[in-house]
Amino acid sequence: LCLFDIDRTLTSCQGQACPGSRLLPGVWDDAYGGGDLRLSPLGAGGVRSTACGGCALGAVSHGEAGGQAMKDIIRQALGSPSSSWSHPGDIDSPLVLGCAYKPPCVQGVLNWYNRQGAGIAPENVFFFDDKGSNVRSFYGSHFNAKQVSCASPDGGKGLCGASPGEIRLEHGVSTC
């Protein structure tokens, strides 16, 4: 199971022309001040082309993923088997928004997949996020977490988002 943060992981900074990113004019992204959605190199290139290509996929984000058009684009980029979005405390899909502390939300997505018969063990869950603090919150859990957007830091977050080459199924918790 591969799970991804949205803001600055599957997306890039709205006003920044990052190599490999894709601007989608007219699609609202409300993160970090808002603007037209710009997919990161990972979001634009497709998660299925990475090491997670054969895995179950989902998203766990602190943000709300803009409007319906942005939600649809993110869902399609992940090839999600569900079109519904969940929130902490009521996780009923692999797509979770409004999650400030991510390990319980990752557990909720794992539970959802296992209720569908997936049989995924916690040590086979890989979470990717641009913020080191979010990744460090997985220490002591059974989940794997990796910080991405390492080549383009912007304070405590990523700038250009994840690149496909950063997506590796490595065990443990690692930051930039």
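Heads up: the structure comes first, above all this text.
Let me sum up the structure you'll find in this document. Predicted model only: the values in this text are computed from it and were never measured.

**Some details on the packing of aromatic side chains**
Scanning all chains against the criterion turns up four aromatic pairs. Centre to centre, the rings of F4 and F128 are 5.2 Å apart; their planes meet at 20°, and the pair counts as stacked. Remark: F128 occurs in strand β6 (residues 126-129) and F4 occurs in strand β1 (residues 2-4); sequence separation between them is 124 residues. Both residues of the pair, F4 and F128, count as buried. Their ring planes at 80° and their centres at 5.0 Å tell us that W112 and Y113 sit as a pair that is edge-to-face. A residue is classified by how much of its surface remains accessible, and W112, at 8% relative accessible area, is buried. Among the aromatic side chains, those forming a connected cluster through ring pairs are F127, F138 and F143. The lysine or arginine in question, K157, covers the ring of Y32, its NZ or CZ lying 4.9 Å from the ring centre.

**Some points on the pattern of salt bridges**
Taken as a whole and assessed by the stated rule, the structure comprises six salt bridges. In this structure, D5 and K102 form a salt bridge, with 2.9 Å as the shortest nitrogen-oxygen distance. Taken together, the positions of D5 in the loop between β1 and β2 (22-29) and K102 in helix α3 (residues 102-115) put the pair 97 residues apart, joining distant regions of the chain. On the basis of relative accessibility, which here comes to 1%, the residue K102 falls in the buried class.

**What to know about the pairing of β2**
With five bridges connecting them, β2 and strand β3 (residues 35-39) associate as antiparallel partners. Counterpart to L23 in the pairing with β3 is R38. With antiparallel pairing between neighbouring strands as the criterion, β2 and β3 make up a hairpin whose turn holds five residues, including Y32 at a positive phi of roughly 45°.

**Some thoughts on helix α2 (residues 68-78)**
When we look at burial in α2, the residues that qualify are M70, K71, I73, I74, R75, A77 and L78. Buried residues in α2 make contact with β1, β2, β3, α1 (41-45), β4 (57-60) and β5 (95-96). Where α2 terminates, the next one or two residues include G79, which has phi positive at roughly 60°.

**Focus: the state of the cysteines**
Tallied over the entire structure, the rule returns four disulfides. Residue C2 pairs covalently with C52 via a disulfide, S to S 2.0 Å. Measuring handedness by torsion sign, the sulfur bridge of C2 and C52 sits at about -80° and is left-handed. Placement of C2 in strand β1 and of C52 in the loop between α1 and β4 is noted, with a sequence separation of 50 residues between them. As far as the burial class goes, C2 and C52 line up, both buried. Through a disulfide, C150 is tied to C176; the S-S separation comes to 1.8 Å.

About the criteria used
- For every chain, the first residue of its written sequence is number 1, and the numbers climb from 1 along that sequence.
- Given that this is a predicted model, residues contribute local features only at a pLDDT of at least 70 and side-chain atom pairs are listed and counted only at 80 or more, while totals for whole chains, interfaces and linings are drawn from all residues.
- Think of the side-chain values as coming from all heavy atoms in the structure, minus any hydrogens and water.
- Two rings from Phe, Tyr or Trp (for Trp, the six-membered ring) form a pair when their centres are within 6.5 Å of each other. A pair whose planes differ by under 30 degrees is stacked, one over 60 is edge-to-face, and the rest are tilted.
- Only runs of H or I of at least four residues qualify as helices and only runs of E of at least two qualify as strands under DSSP, and these elements are numbered from the N terminus.
- A simple rule labels every residue: compare its accessible area, found with a 1.4 Å probe on the protein chains alone, to the largest value its type can have, and call it buried under 20%, exposed over 50%, or partly exposed in between.
- Two conditions define a charge located above a ring, namely a distance within 6 Å from the ring centre to NZ of Lys or CZ of Arg, and an angle within 35 degrees of the ring normal.
- Think of a salt bridge as a Lys or Arg side-chain nitrogen and an Asp or Glu carboxyl oxygen that are within 4 Å of each other.
- Being paired, for any two strands, means DSSP has found at least two bridges between them.
- Residue contacts follow a heavy-atom distance rule, with two residues in contact if any of their heavy atoms lie within 4.5 Å.
- Two cysteine sulfur atoms form a disulfide, by the criterion used here, when they sit within 2.5 Å.

Nothing here speaks to function; it is geometry throughout.
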